[in-house]
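Fold and geometry: a report
As a plain string of letters, each chain reads:
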Amino acid sequence: MAKTLFEKIWEKHIVKTIDDGPSVLYIDRHFIHEVTSPQAFTGLNNRGIKVFRPKQVVATADHNVPTLNQHLPIKEELSRKQVETLVKNCTEHNIELFGLGHPFQGIVHVIGPELGVTQPGMTIVCGDSHTSTHGAFGSIAFGIGTSEVEMVMATQCLLQSKPKLMRITVDGELSKGVVSKDIVLYILSKITASGATGYAVEFAGSAIRSLSMEARMTICNMSIEMGGRCGLIAADETTFEYIKGKPLSPKGEHWEKSLTYWKTLYSDKDAVFDKEYHFKAEDIEPMITYGTNPGMGIGVTETIPTTETINESDKSGLSKSLAYMGLQQGSAIKGQKIDYVFIGSCTNSRIEDLRLVAAFVKGKKKADDVEVWIVPGSKQVEAQAVKEGIDKIFEEAGFMLRQPGCSACLGMNEDKIPAGKYCISTSNRNFEGRQGAGARTLLASPLTAAAAAITGVVTDPRSLPNPSEGGL
Amino acid sequence: MNSTSKLSNSIKHSQNSGNPEPSFGGQGGFVSRFVPVNIENIDTDQIIPARFLKATTKEGFGKNLFRDWKYENDDESNPKVDFPLNQSQYAGEILVAGKNFGCGSSREHAAWALADYGFKVVVSSFFADIFRNNALNNGVLPVQVSENFLQKIFSLSNEETLTVNLEKQTITINSTGESDFFEINSYKKTCLLNGYDDIDYLLSIKEDIEKFETQRG
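1. Observations regarding the overall build of chain B
A count of helical and extended segments in chain B gives nine helices and eight strands. Within chain B, the fraction of its 217 residues that count as buried is 57%. The contacts in chain B between residues at least 6 apart in sequence include a share of 64% that link residues at least 24 apart.

2. Some details on the nonpolar core
Formed by 94 residues in total, the largest nonpolar core has its most connected members in Ile32(A), Ile168(A), Val170(A), Ile187(A), Phe203(A) and Met226(A). Among the elements that make up this core, the one with the highest residue count is helix H6 (residues 180-191) of chain A (seven residues). Those residues in contact with Val170(A), other than ones at most four positions away along the chain, are Ile183(A), Ile187(A), Ala204(A), Gly205(A), Ser206(A), Ala207(A), Ile208(A), Phe279(A), Lys280(A), Ala281(A) and Ile284(A). Of all hydrophobic cores here, the second largest spans 82 residues; its members include Ala385(A), Cys406(A), Ile454(A) and Phe61(B).

3. A look at the environment of Lys99(B)
Topologically, Lys99(B) is positioned in the loop between strand S3 (94-97) and helix H4 (109-117). For the pair Lys99(B) and Ser146(B), spaced 47 residues apart in sequence, the C-alpha to C-alpha distance is 9.7 Å. If sequence neighbours within four positions are ignored, Lys99(B) has contacts with Ser313(A), Glu40(B), Asn41(B), Ser124(B), Ser125(B), Phe126(B), Glu147(B) and Leu150(B).

4. Focus on unusual backbone geometry
The general pattern is negative phi for most residues beyond glycine and trans for most peptide bonds. All names here are of chain A. In this model, Asn 69 sits at a positive phi of 50°, which is unusual for a non-glycine residue. Among the structural elements, Asn 69 can be located in the loop between strand S4 (57-60) and helix H3 (77-92). Overall, the relative accessible area of 45% leaves Asn 69 in the partly exposed class. A positive phi angle, near 75°, is found at Thr 192, a position not held by glycine. In this structure, Thr 192 sits in the loop between H6 and strand S10 (199-204). Since its relative accessible area comes to 9%, Thr 192 is described here as buried.

5. Comments concerning the packing of aromatic side chains
Under the definition given, this model contains 19 aromatic pairs over all chains. Between Tyr186(A) and Phe279(A), the ring centres sit 5.8 Å apart and the planes meet at 85°, which makes this aromatic pair edge-to-face. In this pair, Tyr186(A) sits in helix H6 while Phe279(A) sits in strand S12 (residues 275-280), placing the two residues 93 residues apart along the sequence. Its relative accessible area of 10% is what places Tyr186(A) among the buried residues. An angle of 15° between the planes, with centres 6.3 Å apart, marks the rings of Phe127(B) and Phe131(B) as stacked. The exposure classification of Phe127(B) matches that of Phe131(B), with both residues buried. In textbook terms, an aromatic cluster arises when at least three aromatic residues are bridged by ring pairs, as seen for Tyr186(A), Tyr277(A) and Phe279(A). Seen from the ring of Phe52(A), Arg53(A) lies directly overhead, with NZ or CZ sitting 3.9 Å from the centre.

6. Structural notes on the pairing of S10(A)
The side chains of a regular strand alternate between both faces of the sheet. Residues and elements named next belong to chain A. Burial analysis of S10 places six of its six residues in the buried class, which makes it a mostly covered element. Side chains of S10 alternate between two faces, with Tyr 199, Val 201 and Phe 203 and Ala 200, Glu 202 and Ala 204 buried alike. Pairing geometry for strand S9 (residues 164-171) and S10, over six bridges, is parallel. If you follow Met 166 over to S10, its bridge partner there is Val 201. Here three bridges tie S10 to strand S11 (residues 230-232), and the two strands are oriented parallel to one another.

7. Concerning the pattern of salt bridges
On inspection of all chains with the given rule, the structure shows 36 salt bridges over all chains. Two residues, Glu11(A) and Lys3(A), come together in a salt bridge whose shortest N-O distance is 2.8 Å. Residues joined in a network through salt bridges with shared partners are Arg51(B), Arg67(B), Asp68(B), Asp74(B) and Glu76(B).

8. Re a negative patch on the surface
On the surface, Asp171(A), Glu173(A), Glu282(A) and Asp283(A) cluster together into a patch of negative charge. Structurally, Glu282(A) is set in the loop between S12 and strand S13 (287-289).

9. Details of helix H12 (residues 318-325) of chain A
Every α-helix winds through 3.6 residues per turn, so residues three or four apart in the chain are directed the same way. All names here are of chain A. Within the span of H12, buried status applies to Leu 318, Ser 321, Leu 322, Tyr 324 and Met 325. Along the axis of H12, the buried residues cluster in a sector spanning 155°; they form a single face. Looking at the packing, one finds that the buried side of H12 touches helix H11 (312-315), strand S18 (422-425) and strand S19 (440-443).

10. Side note on the interface of chain B and chain A
Put simply, an interface is often sized by how much accessible area is lost when its parts join up. Of the residues lining the interface, 54 residues belong to chain B; the matching set on chain A comes to 68 residues. A buried area of about 4,800 Å², summed over both sides, lies between chain B and chain A, and 57% of it is on carbon and sulfur atoms. Sorting the residues of chain B by area buried against chain A places Lys54(B), Thr56(B) and Ile199(B) first, and these three jointly supply 15% of that buried surface. The interface formed by chain B and chain A contains seven salt bridges. Joining chain B to chain A, the criterion identifies 29 residue pairs in polar contact (both at pLDDT 80 or more). Secondary-structure elements contributing two or more residues to the side of chain B that touches chain A are helix H2 (44-47), helix H3 (67-70), H4, helix H5 (129-136), helix H7 (186-194), helix H8 (198-204) and helix H9 (206-216) of chain B. The class makeup of the residues in the side of chain B that touches chain A is 19 nonpolar, 16 polar and 19 charged.

11. What about the sheet that holds strand S15 (residues 340-343) of chain A?
Picture the strands of a sheet paired through backbone hydrogen bonds; they go either parallel or antiparallel. In spatial order, the strands read S17-S16-S15-S18-S19 (chain A); together these five strands make up an open sheet with parallel pairing. What marks the edges here is a single partner per strand, and that holds for strand S17 (400-401) and S19 of chain A.

12. Considering the sheet that holds strand S6 (residues 123-126) of chain A
All names here are of chain A. Strands sit in the order S5-S4-S3-S6-S7 across an open sheet of five strands; the sheet is parallel. Edge positions in the sheet fall to strand S5 (96-98) and strand S7 (140-143), since each of these pairs with one other strand and no more. Within this sheet the neighbouring strands show an average axis-to-axis angle of 20°, counted without direction. Both S6 and S7 contribute to a ladder of four bridges, which runs parallel. Following the sheet pairing, Ile 124 is matched in S7 by Ala 141.

13. A closer look at the packing of helix H13 (residues 351-361) of chain A against helix H14 (residues 379-387) of chain A
Residues and elements named next belong to chain A. Taken N-terminus to C-terminus, the directions of H13 and H14 make an angle of 35°; their axes are 9 Å apart at the nearest point. Handedness of the crossing formed by H13 with H14: right-handed. Contacts between H13 and H14 pair Ile 351, Leu 354 and Arg 355 from the former with Val 381, Gln 384 and Ala 385 from the latter. Of the residues in the contact of H13 with H14, the class split is four nonpolar, one polar and one charged.

Conventions used here
Per chain, residue numbering runs from 1 following the sequence as it is written. Numbering of ligands from 1 and lettering of chains from A proceed in the order in which they are written. Per-residue local features are limited, in this predicted model, to residues with pLDDT of at least 70; the limit for side-chain atom pairs, both in listing and counting, is 80 or more; totals at the level of whole chains, interfaces and linings are taken over all residues. Side-chain calculation: all heavy atoms of the structure are included, whereas hydrogens and water are not. Per the convention used, a helix needs a DSSP run of H or I reaching at least four residues, while a strand needs a run of E reaching at least two, with both numbered from the N terminus. Accessible area is worked out with a 1.4 Å probe on protein chains only. A residue is then buried under 20% of its type maximum, exposed over 50%, and partly exposed in between. The contact rule is simple, with two residues in contact once any of their heavy atoms fall within 4.5 Å. In this text, buried Ala, Val, Leu, Ile, Met, Phe, Trp, Tyr and Cys residues form a nonpolar core when linked through side-chain atoms within 4.5 Å. Centres within 6.5 Å are what make two rings of Phe, Tyr or Trp a pair, Trp counting through its six-membered ring; a difference in plane orientation under 30 degrees is then read as stacked, over 60 as edge-to-face, and the rest as tilted. Placement of a charge over a ring requires the Lys NZ or Arg CZ to be within 6 Å of the ring centre, with the centre-to-atom vector within 35 degrees of the ring normal. Paired strands, in this sense, are two strands between which DSSP finds at least two bridges. Think of a salt bridge as a Lys or Arg side-chain nitrogen and an Asp or Glu carboxyl oxygen that are within 4 Å of each other. Residues with no salt bridge and a relative accessible area higher than 30% make up the patches, which join like charges within 9 Å and nonpolar side chains (Val, Leu, Ile, Met, Phe, Trp, Tyr) within 5 Å. Only the protein chains shown count as cover for residues, with accessible areas throughout obtained via the Shrake-Rupley method and a probe of 1.4 Å. When charges are tallied, Lys and Arg are placed among the positive residues and Asp and Glu among the negative ones, while His and the ends of the chain are skipped. To locate a charge, the coordinates of NZ of Lys, CZ of Arg, CG of Asp or CD of Glu are taken. Working definition: the arc comes from the directions between the helix axis and the C-beta atoms, pointing outward to the latter. Throughout, the accessible surface (probe 1.4 Å) given up by two parts as they are put together, summed over both, is called the buried area. For the purposes of these results, a polar contact is taken to be a pair of N or O atoms within 3.5 Å, where, inside protein, one atom must be able to donate a hydrogen and its partner to accept one; residues adjacent in sequence count only when each atom of the pair is a side-chain atom. Charged means Asp, Glu, Lys or Arg here, nonpolar means Ala, Val, Leu, Ile, Met, Phe, Trp, Tyr, Cys or Pro, and polar covers whatever is left, Gly included. Axes, fitted as lines to C-alpha atoms, cover a helix only where it is in contact. Angles between the N-to-C directions of the axes lie from 0 to 180 degrees. Helix crossings are classified by the rotation of the near helix relative to the far one: an anticlockwise turn of less than a right angle makes the crossing left-handed, while a clockwise turn makes it right-handed.

Spatial relationships are all this shows, so hold off on functional conclusions.
See the structure below:
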């Protein structure tokens, strides 16, 4: 029988299924960080048990860490305690930790792939909703709560009900100035922030196939913003090429064996999905959000919807959203004044994102009254940026290259956007207060964010000279 | 023996580790007034803002539930008077909210905050997947009703009560007798009715898990 990619992986990981209940799903890789793991370790300690398969757990500190002066002790007491607790727990339970100061430290969803921990066909979880990122490698990867973190630590398994299956196909070629972030913001604007709830979402089509691994990660990363249980893209040569030679990827004979298996992981021709969407890449322009959920997005040249034109799902929330954002129905988003630019987060903080921004801003200067924070996704990304001289380009443009962490995506550390200020952000959520109490977030691609950094207002990146011009 | 009691036997192996007392047992169901928050797409950043996630224990999140909707400028002496949690006419252990409740971040702190505040049930016409699991793992029952039924609840006066009957999987507006059915799988139902948790169950099948690991090589 024809099977979907999701089903092929899912079935290989079922330990047993409870009648009229969930399945016991075996988990291959478990990422943990300082914020959602401490209570799980306490739970294990209270039960007097150790982590069952510590070698399948990888830890890093990312949510809480400062992005300046990481060599100094963390000033904020509660953050410091949380990070110290992670170190202590990892030591006690023999878990590999890429903590502060380690050359592999970084945002959990950036380091997993770049270390080669993330591989096709795996089940991967983390106490973080953006675990969906890892699905870009053709794996089932999803975010879990802390009780579930404890379950995986205790038994390497979770109780899960099989989600419904959705396929989103994007065919065609992206226009100049349009990148993978625009694809996912466009899909979100069409299917809404709850459009994929209850579904595992496979992204397919020629526009997806043509993307690099980093660009694919951006798309799967935001599948949770549609409500998707996970997002996944079948592995192909691009995937294998990316994984090969990574520090923790399979080597030698093991590599060949893995490759043979990975090549079987795709949705069969006649596989059936519960729901399908089709979009054309040519219809997508640089996107930006105007509201307070990631589904509230428009093309950068479009006007903010009115209660008459908006989709049913966001109708009741439009006035509240726009009141929070200080924006008007029916007005243009282009030209909206910006105070901060944040380029970072597990969505867009990888080396290709930084290269794209650097190529675009080379020889340009930021607007005087805009503050620009570039936060690399990992120490490796940071080192690579320095090696390529990208840091110098940023410095000349007046951008600040900070140190790796989740930073202003959620403002758990000091990197908060002040109340009432507008931030164009390459992160994933524009919820009220997400980047700091009262902060107003406009989500966009790194290119659109960079354009706003130069002009100080929301700008169509295609209207400025761009020496790079490549698709991402 | 029906399937639920069979399941009950198979997971009734240990008294677990401090989960809340089962709340939904008994013949009559669970009766309470309710607090309506008629807003759609309530994300977990609103339920508990990120700055309160720095704790290393599960306690004390209730006081920061909906923090930035409750207070002006984070000032406890300056409550937002139009937010239902600040309005004395509303009370009860049932929160009723607009569709797509609990979307966004996977933070279980949202479920801890709701439970700590005193909510035992959340009613909505749609729940985000991760929140649903987190709620169930903390003895907070997500009751998904039709949009029509949800709007009926929102139109009720603040004195009215609802009955949630987990055994029958129904929620009833007591003044009118109108009722809606909600879904929950029989495994989770048994867990909630008896106060069992998933970790106990998973630990009890560890031999199966080890066998699975060996077989897959």
